[in-house]
Amino acid sequence: QVQLVESGGGLVQAGGSLRLSCTASGRTFSSYTMGWFRQAPGKEREFVAGILWIGSSTYYSDSVKGRFTISRDNAKNTVWLQMNSLKPEDTAVYYCAARFRAPKLTSPDSWGQGTQVTVSS
């Protein structure tokens, strides 16, 4: 497993942008499929975006496609989530997640502590 630490959350107005960062410990970061999940109050945690460990292919939930971009830098052990055109319904705690050599991030085996994103209308 890797240890994950998120940063970059905050309060932003609707239509604004934020960039979340997640830095991982360890020397095998490049072998992890990485991603982001979120959990809004009273709702279940949901998948947001993922980036594969091989080829760095990306995939998104329909609710954020075209607005959010996930990227990674294996030399920096870091994955980012660029969030544009934010909406109040994007308000949630955002979690970084990882799974070793996974084709999809369906069952992460490592989680960050979460970072709050609040979008005001």
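Residues numbered from 1 in each chain as written. Predicted model: local features only at pLDDT ≥ 70, side-chain atom pairs only at ≥ 80, totals over all residues. Heavy atoms only, no water.

1. Quick word on unusual backbone geometry
With phi around 55°, asparagine 77 is a residue other than glycine that occupies positive phi space. Structurally, asparagine 77 is set in the loop between strand E7 (68-73) and strand E8 (78-83). Owing to a relative accessible area of 16%, asparagine 77 belongs among the buried residues under this scheme. The phi angle at arginine 101 is positive, at roughly 50°, despite the residue not being glycine. Relative to the helices and strands, arginine 101 is located in the loop between strand E9 (92-100) and strand E10 (110-111). The class of arginine 101 is partly exposed, set by a relative accessible area of 48%. (Helix = DSSP H or I, 4+ residues; strand = E, 2+ residues; numbered from the N terminus. Buried < 20%, exposed > 50% of the residue type's maximum accessible area, 1.4 Å probe, protein only.)

2. Some points on the pattern of salt bridges
Under the defined criterion, the tally for this structure stands at four salt bridges. In this structure, arginine 67 engages aspartate 90 in a salt bridge whose closest nitrogen and oxygen atoms are separated by 2.8 Å. With arginine 67 in the loop between strand E6 (58-60) and E7 and aspartate 90 in the loop between E8 and E9, the pair connects residues that are 23 residues apart, well separated along the chain. Grouping residues by exposure puts arginine 67 and aspartate 90 together as buried. Linked through salt bridges whose partners overlap, the residues forming this network are Arg38, Glu46, Arg67 and Asp90. (Salt bridge = Lys/Arg side-chain N within 4 Å of Asp/Glu carboxyl O.)

3. Focus on the nonpolar core
Core analysis: the largest hydrophobic core is formed by 29 residues, its most contacted members being Met34, Trp36, Val79, Leu81, Met83 and Tyr94. Elements with a minimum of two residues in this core: strand E3 (18-24), strand E4 (32-39), strand E5 (46-51), E7, E8, E9 and strand E11 (115-120). Among residues more than four places away in sequence, those in contact with leucine 81 are Leu18, Arg19, Leu20, Trp36, Val48, Ala49, Phe68, Thr69, Ile70 and Tyr94. Counting five residues, the second largest nonpolar core, distinct from the first, contains Phe37, Leu52, Ala97 and Leu105. (Core = buried A, V, L, I, M, F, W, Y, C linked by side-chain atoms within 4.5 Å. Contact = heavy atoms within 4.5 Å.)

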